[in-house]
Amino acid sequence: MFPLLPHLFPGPLTSVRKHSSEKTLPAKRFQMENPAFEKSKDDPPLYEETPFSSNGYGNGDHRSVRPSVVSAFGHDTLDRVPNIDFYRNAGSVSGHRAIRPSLQELHEVFEKVSDRQTHDVLPNDDLEAIASPEDNGGVVKFGWIKGVLVRCMLNIWGVMLFIRLSWVFGQAGSGLGIIIIILSMVVTTLTCLSMSAICTNGVVRGGGAYYLISRSLGPEFGGSIGLIFAFANAVAVAMYVVGFSETVVDLLKVNDAIMVDEVNDIRIVGCITVVLLLGISVAGMEWEAKAQIALLVILLLAIANVFVGTAIPATEEKRAKGFYSYQASIMAENFTPNFRDGETFFSVFAIFFPAATGILAGANISGDLKDPQGAIPIGTLLAIFITGITYLGIALCVSATVVRDATGNLNDTITPGAKCNFSVACNFGYDFSICRTTKCQYGLMNNFQVMTMVSGFGPLITAGTFSATISSALASLVSAPKVFQALCKDNIYKALHFFAKGHGKNNEPIRGYVLTFVIAVAFILIAELNIIAPIISNFFLASYALINFSCFHASYAKSPGWRPAYKYYNMWLSLFGAVLCCAVMFVINWWAALLTYAIEMFLYIYVTVKKPDVNWGSSTQAVTFVNAVNNALTLSGVDDHVKNFRPQCIVLTGTPKTRPALLDLAHSITKNYGLCITCDVFVGPRLEQQQALTAAMEQNQMWLNQQKRKAFYAAVASDNFREGAESLLQASGLGRLRPNTVILGFKRDWKTVYTANVQEYVGVLHDAFDFEYGIVMLRISQGLDISHILEAEGTQEQQQAINNTTDSAGTKIHFKCHTPYYVTPPSLLQVHLFMFTILRNVPHSSDVAKINQRLVEASSQFKRKQGKGTIDVWWLYDDGGLTLLLPYILTTRKKWRECKLRIFIAGQPGHLEQDKEEMQSLLKKFRIKSNKDLFEDMIEPYRLHEGSKDTAQAEALRKEHPWKITDAELDRFEDKTSLQLRLNELLQESSRAAKLIIVSMPIARKGSVSDHLYMAWLEALTKNVPPTLLVRGNHKSVLTFYS
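Nothing here was measured: the structure is a model prediction, and the numbers come from that model.

**A short note on the overall build of the chain**
Part 1 of the reasoning: Secondary structure assignment for the chain yields 33 helices and 13 strands.
Part 2 of the reasoning: Per-residue burial over the chain gives 51% buried out of 1043 residues.
Part 3 of the reasoning: In the chain, the proportion of contacts linking residues at least 24 apart, taken out of those at least 6 apart, comes to 80%.
Part 4 of the reasoning: In the form shown here, the chain has an accessible surface area of approximately 49,000 Å², with 59% of it arising from carbon and sulfur atoms.

Following this line, the structure appears as structure tokens:
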């Protein structure tokens, strides 16, 4: 299918073309080398990457320096031909994992370096790996016959075959009995088809049904059903052992050797039996497999013995017990149902169905199979077919030869002249009419040992019963710990990790065996087969339902990763199988079904809340993605409506953990109901910032998830902050899921930073207005940025690792901070170390320590529940209603629920001139002059003062400092400046005790108001007041009073 191209191979694949500028390196073998290719005798020159990236993945792992090789196309290259080893998981048990060259290795410039030994350090992130390849020597692996077919047949030919099958057909009749067997086969066949599709879609590890469900539907479903399925198998051990014990006790009763009484004898024999089975299981899989083969031989002889026995003419003793060889009249009489003792079709089905539950016996030891993908489908399907035919054949043979009731008394013959119409036995000279009033001991309805009676050699049936029950119990005793061990290894339930440990070359779950033994003994003490059987029927059916649903779900998701090699399945048949299993559960026992689902739901919720750190690429993820895309497309076809408006926020936090107050407030606004994107701009050349950006994407999104912040993280690399923010404003979002509101912090250091930084900051505000975004600006007196504290704490952690948490003077270093630290890149570490050294040399009582403490406390204030208080809204300008909508949204959140809204407005429509005159009068009356002096001192460094210069000098100053505030501009906006100062006084007078102030943001017209004057307005407006939000909508209505 993939022919090689021999003419493209000029020489060995690993030969190296020597260049005149290169020296031949001495031959040397690496300790760890890529097994995807072989080296020639002369190792090629080594190349390493430029400082762009250490590994191409941004995860900190060190990658080995790769040699170039001559490719299949005859030129030097780092490219590798396709190889299966590139696609293995780390720690794969089936072969070494190879690592292909990264895209950066191929794309970036490489520098030649001297020869040196390096190796890949690969984290073993594969939770599915069981053992390293080196540890696999001597492991016993089974083929499809010994590992699946034999095991499934022995488990299906269980206690029902010789002990309850005759009773089932006596109650239901051969007509409904056939339906019971066929219905069971339909359920198991559909489940097997689904299971075959799932297990041929990739490598199957140990864990059976748990593994298949968890890798298909995810840890939530897998973890819940894994516990239930393992428990069901443990209870199944008890069911099969009780069936065995019943046979033994019947023999004791015949020989008058009862030890205590029948019930207690079943318990005694059962406990002794399960101890012996535990010893075989603990001895290892090899011994267990040998025991299974021996039991199979006995079982096959016993089954053949039944068919032979029914063809042998009946003796008088057997005739008295209701056996008359093949008779059409007996078949006709036994065709119709005759339910007694409160039994119904479904109760009889519930008792029989566990006989079909052995189909997962092979899958449950999937980790011990040579080829699980090939063995499980063929072995399980063939086992279902063979055992189904066997059950039908034996049941019909017995139904055609044995009557329902018989006394076993040779004297119960028909008296000459007497009437007899009790049963068809009258036709053969026996009158069992006494069974109408007195419970008889023989016949299909009364004697559980009918198979022994009809067989050619009775003791062989007893041996077959022993074989069937013991083999099924042994298979379940092996399956339960294997499934449970796989569940515990995945560490979904951390408290159960104790049971994950294996022992010996086959990684035997000894601890799981002991736990299964304890559960089995507990249920053996019930000593009643008809009580135990329905208990596990629902558990197995729940497992089958989820296997079928897994196949349907994976097919429905249409994920490209769903490519099963087994093609004989249909997604709708799988869905039908799942629904059928659920229906059968309720039909068998409705309260047990509800209990099963309640337990499963509880475990599902538990796993969902705990969020285990696993990612198996489940179909649930695929369907979630498909639904998200479809919903986004559906939204795109619907016009926005003001009633459905909600703030979709793009939050300029930088690294989210560095501005927690900004993130917390944004999260309070959007919560689970709106879009929140935290954004970061990496300033600098893109190629230099790419590695940090790639690492930050994963780190910060993970941090947001850990902090339970329903937000996304987005980052760009750009030459300056404004260009990066512009890119984010234009490109963020998808369809209707696009941001409409920008949230950012007030630039507190605008008076001390470079002019270019102020211009970029104000430019971002202009760009946001140009793109019709609403703007929300948060100012807290203490500031928002705690990055220097986080960096210092990160440095402190490194110092503590060196000096065991003490400095040279023996004084412990401590920084209080409730936010996880951020470890800075190595290139900045020296700067932060210097800064930290300065900080720690300052006494803790110093101003710096107090400032940092207040900053940390202020940064966490929105994490806490706000007590009773007010949110003061100064709605000065009609911006579409965003200034009023945001505080309302806050009051609907739990943290802000106790706060009341107070609305302040600027004036009344129609009285603007009067309001202006009153404002001017107020500005004079309320001592604005003193505040104005402070304002003028604030802007003094940024004034041009061109009025005191001649025209030529003034023009030169404008060209040299175009960003400075001119006298003309200051005069032109004197009223607006005074307004900000007066508003600040009003805020201090009326809102000093508010929990939060929300005030309309003034707008600076582009080209008219200089950047520093605008920042001075914002500074003057929000100075010395509680936390303040400056809000300006995009002047499109977000509120409506229409229904």
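**Observations regarding the state of the cysteines**
Part 1 of the reasoning: By the definition in use, this model includes one disulfide.
Part 2 of the reasoning: Note on cysteine connectivity: Cys 435 is disulfide-linked to Cys 440, with sulfurs 1.7 Å apart. Measuring the twist about the S-S bond at about -105°, one finds the Cys 435-Cys 440 disulfide to be left-handed. Both residues of the pair, Cys 435 and Cys 440, count as buried.
Part 3 of the reasoning: Cys 676 supplies the cysteine sulfur nearest to Cys 679, a cysteine that is in no disulfide, at a spacing of 8.8 Å.

**Observations concerning empty space enclosed by the protein**
Part 1 of the reasoning: Under the defined criterion, the tally for this structure stands at seven cavities of 30 Å³ or more.
Part 2 of the reasoning: Each pocket or cavity is described by its volume, and for the largest cavity that value is around 100 Å³.
Part 3 of the reasoning: Lining the largest cavity are 13 residues; nearest its centre among them are Ile 156, Met 185, Ala 356, Thr 387 and Tyr 391.
Part 4 of the reasoning: The class makeup of the residues in the lining of the largest cavity is nine nonpolar, four polar and no charged.

**Thoughts on the pairing of strand 11 (residues 899-905)**
Part 1 of the reasoning: Here strand 10 (residues 869-875) runs beside strand 11; their pairing, made up of seven bridges, is parallel. By the bridge assignment, Trp 874 is partnered in strand 11 with Phe 904.
Part 2 of the reasoning: The β-α-β motif built from strand 10, the intervening helix 27 (residues 882-891) and the parallel element strand 11 has right-handed crossover chirality.

**So, a positive patch on the surface**
Part 1 of the reasoning: On the surface, a cluster of positive charge is contributed by Lys 611, Lys 671, Lys 708, Lys 710, Lys 894 and Arg 897.
Part 2 of the reasoning: Topologically, Lys 671 is positioned in the loop between helix 20 (660-670) and strand 6 (676-683).

**Brief notes about the packing of helix 17 (residues 571-588) against helix 18 (residues 590-610)**
Part 1 of the reasoning: Direction vectors running N to C along helix 17 and helix 18 enclose 125°, while the axes themselves pass 5 Å from each other. Put simply, helix 17 runs oblique to helix 18. Contacts between helix 17 and helix 18 involve Cys 582, Met 585, Phe 586 and Ile 588 from the former and Trp 590, Ala 593, Leu 594, Thr 596 and Tyr 597 from the latter.
Part 2 of the reasoning: Residues belonging to the contact of helix 17 with helix 18 are distributed by class as follows: eight nonpolar, one polar and no charged.

**Quick word on the packing of aromatic side chains**
Part 1 of the reasoning: Enumeration over the complete set of coordinates arrives at 25 aromatic pairs.
Part 2 of the reasoning: Here Phe 229 and Phe 540 contribute two aromatic rings whose centre-to-centre distance is 5.8 Å and whose plane-to-plane angle is 85°, an arrangement assigned as edge-to-face. Pair noted here: Phe 229 is in helix 6 (residues 219-254) and Phe 540 is in helix 16 (residues 529-557), with a separation of 311 residues, a long-range link. The pair formed by Phe 229 and Phe 540 is uniform in burial state, with each residue classed as buried.
Part 3 of the reasoning: Among the aromatic residues, ring-to-ring pairing joins Tyr 324, Phe 428, Tyr 430 and Phe 432 into one connected group.

**Some points on the side chain of Thr 200**
Part 1 of the reasoning: Mapped onto the fold, Thr 200 is located in the loop between helix 4 (165-199) and helix 5 (208-217).
Part 2 of the reasoning: The class of Thr 200 is buried, set by a relative accessible area of 10%.
Part 3 of the reasoning: Looking at Thr 200, its side chain comes within polar contact range of the main-chain nitrogen of Tyr 566, at 3.0 Å.
Part 4 of the reasoning: Those residues in contact with Thr 200 that lie beyond four places of it in its chain are Gln 373, Pro 377, Arg 563, Pro 564, Ala 565 and Tyr 566.

**Things to note about the pattern of salt bridges**
Part 1 of the reasoning: Under the defined criterion, the tally for this structure stands at 20 salt bridges.
Part 2 of the reasoning: Between Asp 639 and Arg 736 there is a salt bridge whose closest N-O contact spans 3.6 Å. Linking Asp 639 in the loop between helix 19 (619-636) and strand 5 (649-651) with Arg 736 in the loop between helix 22 (721-731) and strand 8 (741-745), this pair joins segments that are 97 residues apart in sequence.
Part 3 of the reasoning: With its nearest N and O atoms 3.1 Å apart, the salt bridge here joins Arg 779 to Glu 1019. Placement of Arg 779 in strand 9 (residues 774-779) and of Glu 1019 in helix 33 (residues 1011-1022) is noted, with a sequence separation of 240 residues between them.
Part 4 of the reasoning: Owing to a relative accessible area of 11%, Arg 779 belongs among the buried residues under this scheme.
Part 5 of the reasoning: Residues joined in a network through salt bridges with shared partners are Asp 639, Asp 640 and Arg 736.

**Some words on the sheet that holds strand 12 (residues 996-1000)**
Part 1 of the reasoning: Strand order in the open sheet formed by nine strands is 7-6-5-8-9-13-12-10-11, with mixed pairing between adjacent strands. Only two strands of the sheet have a single partner each, and these edge strands are strand 7 (712-718) and strand 11. Between one strand axis and the next, the sheet turns through 20° on average, direction left out of account.
Part 2 of the reasoning: Sheet topology note: the strand 5/strand 6 ladder contains three bridges and is parallel. When the sheet's bridge partners are listed, Cys 649 is paired in strand 6 with Cys 676.
Part 3 of the reasoning: Helix 20 rests against strand 5, strand 6, strand 8, strand 9 and strand 13 (1028-1032) of the sheet, and its axis sits at about 155° to strand 8.
Part 4 of the reasoning: On top of the sheet, helix 21 (residues 686-706) reaches strand 6 and strand 7; it is set at about 170° to strand 7, its chief contact.

**Side note on the side chain of Thr 741**
Part 1 of the reasoning: Along the chain, the position of Thr 741 falls in strand 8.
Part 2 of the reasoning: A polar contact is formed between the side chain of Thr 741 and the side chain of Asn 740, at a distance of 2.8 Å.
Part 3 of the reasoning: Non-local contacts of Thr 741, meaning those with residues more than four positions away in its chain, are made with Pro 647, Gln 648, Cys 649, Ile 650, Tyr 773, Gly 774, Val 776 and Leu 882.

**Observations concerning unusual backbone geometry**
Part 1 of the reasoning: Notably, Ser 325 is not glycine yet its phi reads approximately 60°, a positive angle.
Part 2 of the reasoning: Take Ser 325: it is sitting in the loop between helix 9 (316-320) and helix 10 (328-333).
Part 3 of the reasoning: In this structure, Asp 341 takes a positive phi of about 55° despite not being glycine.
Part 4 of the reasoning: Of note, Asp 341 is situated in the loop between helix 10 and helix 11 (345-352).

**A word on the environment of Tyr 942**
Part 1 of the reasoning: When you line up the elements, Tyr 942 lands in the loop between helix 29 (928-939) and helix 30 (951-960).
Part 2 of the reasoning: Separated by 22 residues in the primary sequence, Tyr 942 and Lys 964 place their C-alpha atoms 5.2 Å from one another.
Part 3 of the reasoning: Apart from residues lying up to four places away in sequence, Tyr 942 is in contact with Trp 750, Lys 751, Trp 963, Lys 964, Ile 965 and His 1012.

**Digging into the pairing of strand 12**
Part 1 of the reasoning: Most of strand 12 sits inside the fold, with five of its five residues counted as buried.
Part 2 of the reasoning: Burial along strand 12 is two-sided: the face carrying Leu 996, Ile 998 and Ser 1000 and the face carrying Ile 997 and Val 999 are both buried.
Part 3 of the reasoning: Sheet topology places strand 10 next to strand 12; four bridges connect them, and they run parallel. Counted as the bridge partner of Ile 871 is Leu 996 from strand 12.
Part 4 of the reasoning: Judged from the four bridges that link them, strand 12 and strand 13 form a sheet pairing that is parallel.

Rules used in this analysis
Residues numbered from 1 in each chain as written. Predicted model: local features only at pLDDT ≥ 70, side-chain atom pairs only at ≥ 80, totals over all residues. Heavy atoms only, no water. Helix = DSSP H or I, 4+ residues; strand = E, 2+ residues; numbered from the N terminus. Buried < 20%, exposed > 50% of the residue type's maximum accessible area, 1.4 Å probe, protein only. Contact = heavy atoms within 4.5 Å. Areas by Shrake-Rupley, 256 points an atom, 1.4 Å probe, with all protein chains shown as cover. Disulfide = S-S within 2.5 Å. 1 Å grid on protein atoms, 1.4 Å probe; cavity = no way out; pocket = protein on both sides within 12 Å on 5 of 7 lines; lining within 4 Å. Points joined across faces, edges and corners; volume = space filled by probe spheres on them. Nonpolar A, V, L, I, M, F, W, Y, C, P; charged D, E, K, R; others polar. Pairing = 2+ DSSP bridges. Right-handed = clockwise from strand over helix to strand, strands pointing away. Patch = residues over 30% accessible without salt bridge, like charges linked within 9 Å, V, L, I, M, F, W, Y side chains within 5 Å. Salt bridge = Lys/Arg side-chain N within 4 Å of Asp/Glu carboxyl O. Lys, Arg positive; Asp, Glu negative; His and termini not counted. Charge placed at Lys NZ, Arg CZ, Asp CG, Glu CD. Axes fitted to C-alpha atoms, helices over the stretch in contact; angles between N-to-C directions. Parallel < 35°, antiparallel > 145°, perpendicular 65-115°, else oblique. Phe/Tyr/Trp six-rings, centres within 6.5 Å; stacked < 30°, edge-to-face > 60°. Polar contact = N/O pair within 3.5 Å; in protein donor to acceptor, adjacent residues only side chain to side chain.

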